[in-house]
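# Per-entry structural report
Residues per chain are reported as follows:
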Amino acid sequence: MTSNITSIFLLGFPNLQNFTFLFFSLLVLIFCGTISGNLLIMVLYLVSKTLQSPMYFFITQLSLCDLLLTTDIVPVLLHTVLYGGSSITLIGCIIQFSFFGTSECSECLLLSVMSYDRYVAICNPLRYHTIMNHMFCVTLVDIIWLVGFMVTLADVFSMNRLYFCGPHIIDHFYCDLEPILKLSCSDTSMIHIQSISLGFLVTVVPFAIILMSYVNIVMTILKIPCDTGRHKAFSTCSSHLIVVSIFYGTLITIYLFPTRGQSLAMSKVLSLMYTVVTPLLNPIIYTLRNKDFKDAFLKLQHILKGVK
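Residues numbered from 1 in each chain as written. Predicted model: local features only at pLDDT ≥ 70, side-chain atom pairs only at ≥ 80, totals over all residues. Heavy atoms only, no water.

Looking at an unreviewed UniProt entry, the chain carries the name Olfactory receptor, with the source organism given as Engystomops pustulosus. According to the UniProt record, the Sequence similarities (unreviewed entry) comment for the chain is "Belongs to the G-protein coupled receptor 1 family." Per UniProt, the comment on the chain under Subcellular location (unreviewed entry) is "Cell membrane". (UniProt positions renumbered as here; feature names shortened; annotations may be inferred.)

Right, here's the structure in full:
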């Protein structure tokens, strides 16, 4: 990689004016809540025997994705909001994109695996523990993180062949692929084709798996004779459905809809939704709607009180 750019300036949200302190304070609260909520899920999984199941194992991995995304994006965003912008080196910008890309790719794949887990639990319950055994789940998670890393690494290797000449300003609050490529004077058409192809594999294919899983789940639930049984079966999927809807809703709006049809401000707001807000919502959705997590939290409180 060759470049005459020494640093990149992230503009962030330059038109906040009198709302800077309010927005900064809100981001700090979201950041603290996100870190606390996702760490709590991981701790509860480790200390509670009732949470030792494939579903909760995958939820902890989702929390790990959210922690990686939050710690990658929000600290720079806070600096950008507070000081009206933030300088970052080109290498630092690419590193931020690497962590961002790995977490987003891994989350797409993880959500599809979680839908498959629910499919097996509802459509083939007698074989659930045989199919979703511990070794199989760990292998799936290892593959997910490896694929997420390799997909992002492919983009980074392609960037390494480019010549970056400027401008040195990115009108956004983090380093995404498209803003970085706009800094290059080289031909980026092949990288665009590569990113679209890889993006199809890690977003559209997992989304298709999710849709097929839930089509089968719904058909199975409708065959359950009693209302109580149908409600119980659907309740095990509702949290995952909400998370999928929020995540893919914003992702599709940003990356699949034509960018010319979006204002830059709207694009930033949508990006803020899935990089900052969604990692906060995920632990709330899974814990508030889940009795096992509530019970595990109460037990942890009793343990901590006993230690004191």
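Picking up after the structure, the text goes on.
To continue, consider the state of the cysteines. By definition, a disulfide links the sulfur atoms of two cysteine residues through a covalent bond. Evaluated as defined, the whole model comprises 2 disulfides. A disulfide bridge connects Cys-93 with Cys-175, and the sulfur atoms are separated by 1.9 Å. With the S-S dihedral at roughly -115°, the linkage between Cys-93 and Cys-175 falls on the left-handed side. Here the residue Cys-93 occupies a position in helix 3 (residues 90-123), and Cys-175 occupies one in the loop between strand 5 (169-170) and helix 6 (177-181), the gap between them amounting to 82 residues. Taken in N- to C-terminal order, the disulfide-linked cysteines of the chain are connected 1-3, 2-4. Of all cysteine sulfurs, the one in Cys-108 lies closest to Cys-65, which takes part in no disulfide; the gap is 9.4 Å. Overall, Cys-65 belongs to the buried group, its relative accessible area being 1%. (Disulfide = S-S within 2.5 Å. Helix = DSSP H or I, 4+ residues; strand = E, 2+ residues; numbered from the N terminus. Buried < 20%, exposed > 50% of the residue type's maximum accessible area, 1.4 Å probe, protein only.)

Running from amino to carboxyl end, helix 3 crosses helix 9 (residues 264-288) at an angle of 35°, the nearest separation of the two axes being 13 Å. Crossing hand, helix 3 versus helix 9: left-handed. Seen from helix 3, the contacting residues are Phe-100, Glu-104, Glu-107 and Met-114; seen from helix 9, they are Tyr-274, Thr-275, Asn-282 and Tyr-286. For the contact of helix 3 with helix 9, the residue count by class is 4 nonpolar, 2 polar and 2 charged. (Axes fitted to C-alpha atoms, helices over the stretch in contact; angles between N-to-C directions. Left-handed = near helix turned anticlockwise from the far one by under 90°. Contact = heavy atoms within 4.5 Å. Nonpolar A, V, L, I, M, F, W, Y, C, P; charged D, E, K, R; others polar.)

Time to look at the packing of aromatic side chains. Counted under the stated rule, the structure contains 11 aromatic pairs. Centroid distance Tyr-56 to Phe-293: 5.2 Å. Interplanar angle 80°. Geometry classified as edge-to-face. Taken together, the residues span a long stretch of sequence, with Tyr-56 in helix 2 (residues 54-83) and Phe-293 in helix 10 (residues 291-307) at a distance of 237 residues. The residues Tyr-56 and Phe-293 share a single accessibility class, namely buried. (Phe/Tyr/Trp six-rings, centres within 6.5 Å; stacked < 30°, edge-to-face > 60°.)

What follows covers the packing of helix 1 (residues 20-47) against helix 9. Their axes nearest at 9 Å, the elements helix 1 and helix 9 cross at an angle of 45°. Judged by the inter-axis angle, helix 1 sits oblique to helix 9. Taken as a pair, helix 1 and helix 9 cross one another with a handedness that is left-handed. Touching Phe-23, Leu-27, Ile-30, Gly-33, Thr-34, Gly-37, Asn-38 and Ile-41 of helix 1 are Leu-272, Val-276, Pro-279, Leu-280, Pro-283 and Thr-287, all from helix 9. In terms of residue class, the contact of helix 1 with helix 9 is built from 9 nonpolar, 5 polar and no charged. (Parallel < 35°, antiparallel > 145°, perpendicular 65-115°, else oblique.)

Moving on: helix 5 (residues 134-159). Between its terminal C-alpha atoms helix 5 stretches 38 Å, which fits the 38 Å expected from 26 residues at 1.5 Å a residue. The elements touched by buried residues of helix 5 are helix 2, helix 3, strand 4 (163-164), helix 6 and helix 7 (189-222). (Expected span 1.5 Å × (residues − 1).)

A separate point is the UniProt feature "transmembrane region" (unreviewed entry) in the chain. UniProt's entry tags residues 20-47, 135-154, 196-222, 234-257 and 269-288 with the feature "transmembrane region" (unreviewed entry), counted in the numbering of this structure. Counted over residues 20-47, helix gives 100% and strand 0%. Its end C-alpha atoms are 40 Å apart. Helix makes up 100% of residues 269-288 and strand makes up 0%, while its end C-alpha atoms are separated by 26 Å.

What follows concerns a nonpolar patch on the surface. Taken together, Phe-200, Leu-201, Val-204, Val-205, Ile-209 and Met-212 make up a surface patch of nonpolar side chains, about 510 Å² in accessible area. You can see Leu-201 is positioned in helix 7. (Patch = residues over 30% accessible without salt bridge, like charges linked within 9 Å, V, L, I, M, F, W, Y side chains within 5 Å. Areas by Shrake-Rupley, 256 points an atom, 1.4 Å probe, with all protein chains shown as cover. Salt bridge = Lys/Arg side-chain N within 4 Å of Asp/Glu carboxyl O.)

Strand order in the open sheet formed by 3 strands is 3-2-5, with mixed pairing between adjacent strands. The open sheet is flanked by strand 3 (86-88) and strand 5, the only strands paired with a single partner. Packing against the sheet, helix 3 makes contact with strand 2 (8-10), strand 3 and strand 5, and its axis sits at approximately 95° to strand 3. (Pairing = 2+ DSSP bridges.)

When you line up the elements, Ser-86 lands in strand 3. Among the polar contacts made by the side chain of Ser-86, one reaches the side chain of His-79 at a distance of 3.3 Å. In this structure, Ser-86 is in contact with Ile-8, Phe-9, Leu-10, Val-76, His-79 and Thr-80, ignoring residues within four places of it in sequence. (Polar contact = N/O pair within 3.5 Å; in protein donor to acceptor, adjacent residues only side chain to side chain.)

One side chain can pair with another of opposite charge once the charged atoms of both are near each other. This structure, assessed with the given rule, holds 2 salt bridges. As a salt-bridge pair, Arg-118 and Asp-117 come within 2.8 Å of each other at their nearest N and O atoms. For the pair Arg-118 and Asp-117, a shared accessibility class is recorded, and that class is buried. In this structure, Asp-171 engages Lys-268 in a salt bridge whose closest nitrogen and oxygen atoms are separated by 2.7 Å. Of this pair, Asp-171 sits in the loop between strand 5 and helix 6 while Lys-268 sits in helix 9, and the two are 97 residues apart along the sequence. A residue is classified by how much of its surface remains accessible, and Asp-171, at 31% relative accessible area, is partly exposed.

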